[in-house]
Amino acid sequence: MFVHRIGGVVLGTLVLSTTLVRVGSAQTNSGSEVTLDLGGYVRSLTGFQDLGYDPIVTDRRVGFNSEVIRLKWLVDVGGWLRLNVHNRLQSQYSSSGGGGGRDVLGFGVSAVPGRSIDLETTLVDEDHLRVWHDLDRLAVTIYSDVVDLTIGRQAITWGISNLFPIADLWAQFSPFELDTEEKPGLDAIRALMYPADGVELDAVIADRGSSRDLSAGIRATIELPVADVYVGAGKFWRELIGLAGASFVIDKWKVRGEIGVPWEIDDEDLRRIRATIGADWISSSMLFSLEYHHNGLGSNRSEQYASLLATAEYARGETYYLGRHMLGALASIRPSDRLTLAASSLVNMGDPSVALTPNATYDFGQNTRVSIGGLFSFGTAPQFLGPVPQLESEFGTYGDFAYTQISVYF
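As the structure is a computational prediction, the values presented were derived from the model and not from experiment. (Residues numbered from 1 in each chain as written. Predicted model: local features only at pLDDT ≥ 70, side-chain atom pairs only at ≥ 80, totals over all residues. Heavy atoms only, no water.)

(A) Fine view of the overall build of the protein. The secondary structure content of the protein amounts to 3 helices and 21 strands. The globule rule puts the C-alpha radius of gyration for 410 residues at 22 Å, and the 22 Å found for the protein is close to it. Each principal axis of the C-alpha distribution contributes one length, and for the protein these read about 70 × 50 × 45 Å. A buried classification covers 44% of the 410 residues belonging to the protein. Counting contacts in the protein only where the partners sit at least 6 residues apart, residues at least 24 apart contribute 57% of the total. (Helix = DSSP H or I, 4+ residues; strand = E, 2+ residues; numbered from the N terminus. Rg over C-alpha atoms; globule rule 2.2 N^0.38 Å. Buried < 20%, exposed > 50% of the residue type's maximum accessible area, 1.4 Å probe, protein only. Contact = heavy atoms within 4.5 Å.)

Next up, the structure:
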């Protein structure tokens, strides 16, 4: 019942958005000013993938193209109420009917949050081409002295890890998602409260597509003289998870760590912990991060990878990693105001296997950016000895990618 109430709120927000957009810049009956801002971006991705081995159901070499057009509407009513609506039009083309590169690296490779109300419209759905439109934001925020309340489809981020999120359980990006301008929208009710200086309370009730998976959680963040600390807990899908994290600044370094302790409701069983520790070195033109991750959902045995991919945790994007022990590094440098060079690496210590993702972005001005990058993997390729491929390593299955990306903002 509660899930359907959330869905009804979302539909009501849609009606309200239509009304307010028609108003434009005007005055309400109470004298409050109503303003409408429109922004967004157009992004195009073209790439090529070579798996490095001959699969059964798709081609070894695949070309792909993806396009995203996002319109971001923001209606403000007197500073106390805001409506946020995002129209997103996407297309994905692959030279292989099996999907090819679009399933690993590209736009829209992150798991879509479960939703009771479907606001997506498929325009074209063929073997090689898919085109669709959806509303990825549809939320009203009410600001008051006591609470900031947001109702509808919105972006929510918890946690402090860069490469291996622990607490980002609402809707997180795939590590190979290239359209990271906006988080996937989650249908939820969110309350932000600030009961004292340096203290934030964040409470969320979220639709997951069914009453069984209805999720809710609360997090408290505290700014201390020597550290920023958070603690939280909640029901996420069919798990009860306790969360905690802290970050410390030591000279030019930020040292941080977080942990999640899950309890499986159906099995009434304590699961393996999830933990990430990391450090960041930040300057005006350079960033370097290093993280170790203990993935309680993963395995030390590659023969279990195929069964892990079939579980609900991986299907919903609770994690994107198969290994138990992971290392990651991220480096970014700006040689000039217009050029940014970046690279990240992911290491499964158990296989072992490695994924490297270099990227160069140049800002041409006039809100136009061009990027060139790739994904290069090192590890044992899958074996095709039966109807189900045997995964020998995590990143050895990905092959190599090269891509160009153009982004225009308005």
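(B) Looking closely at the packing of aromatic side chains. The full count for this structure, using the stated rule, is 10 aromatic pairs. Ring centres of Y41 and Y409 lie 5.9 Å apart, and the angle between their planes is 50°; on these two criteria the pair is classed as tilted. Of this pair, Y41 sits in strand 2 (residues 33-50) while Y409 sits in strand 21 (residues 400-409); the two residues are 368 residues apart in sequence, bridging distant segments of the chain. Accessibility expressed as a relative area gives 1% for Y41, which makes it buried. (Phe/Tyr/Trp six-rings, centres within 6.5 Å; stacked < 30°, edge-to-face > 60°.)

(C) Representation of a nonpolar patch on the surface in the model. Among the surface-exposed residues, V42, I69, L89, L123, I406, V408 and F410 lie close enough to one another that they form a single nonpolar patch of about 550 Å² accessible area. Tracing the sequence through the fold places L123 in strand 5 (residues 120-125). Overall, L123 belongs to the exposed group, its relative accessible area being 53%. (Patch = residues over 30% accessible without salt bridge, like charges linked within 9 Å, V, L, I, M, F, W, Y side chains within 5 Å. Areas by Shrake-Rupley, 256 points an atom, 1.4 Å probe, with all protein chains shown as cover. Salt bridge = Lys/Arg side-chain N within 4 Å of Asp/Glu carboxyl O.)

(D) Spatial organisation of unusual backbone geometry. Each neighbour pair has its own omega, and for D351 with P352 the value is -5°, a cis peptide bond. Of note, P352 is situated in the loop between strand 18 (339-348) and strand 19 (353-365). The phi torsion at D251 lies on the positive side, around 60°, for a residue other than glycine. In this structure, D251 sits in the loop between strand 12 (239-250) and strand 13 (253-264). Positive phi, normally seen in glycine, also occurs at N367, with a value near 65°. Looking at where N367 falls in the secondary structure, it is placed in the loop between strand 19 and strand 20 (368-378). Overall, N367 belongs to the partly exposed group, its relative accessible area being 49%.

(E) How the structure looks around the layout of surface pockets. Approximately 1,400 Å³ is the volume found for the largest pocket. Along its surface, the largest pocket is lined by 46 residues, and P175, E177, L178, T180 and L330 are the ones closest to its centre. Elements with a minimum of two residues in the lining of the largest pocket: strand 17 (325-333), strand 18, strand 19, strand 20 and strand 21. Considering every element that reaches the lining of the largest pocket, the biggest residue donor is strand 18, with 6 residues. Reported here for the second largest pocket is a volume of approximately 1,000 Å³. (1 Å grid on protein atoms, 1.4 Å probe; cavity = no way out; pocket = protein on both sides within 12 Å on 5 of 7 lines; lining within 4 Å. Points joined across faces, edges and corners; volume = space filled by probe spheres on them.)

The values reported here are purely geometric and, on their own, carry no functional implication.
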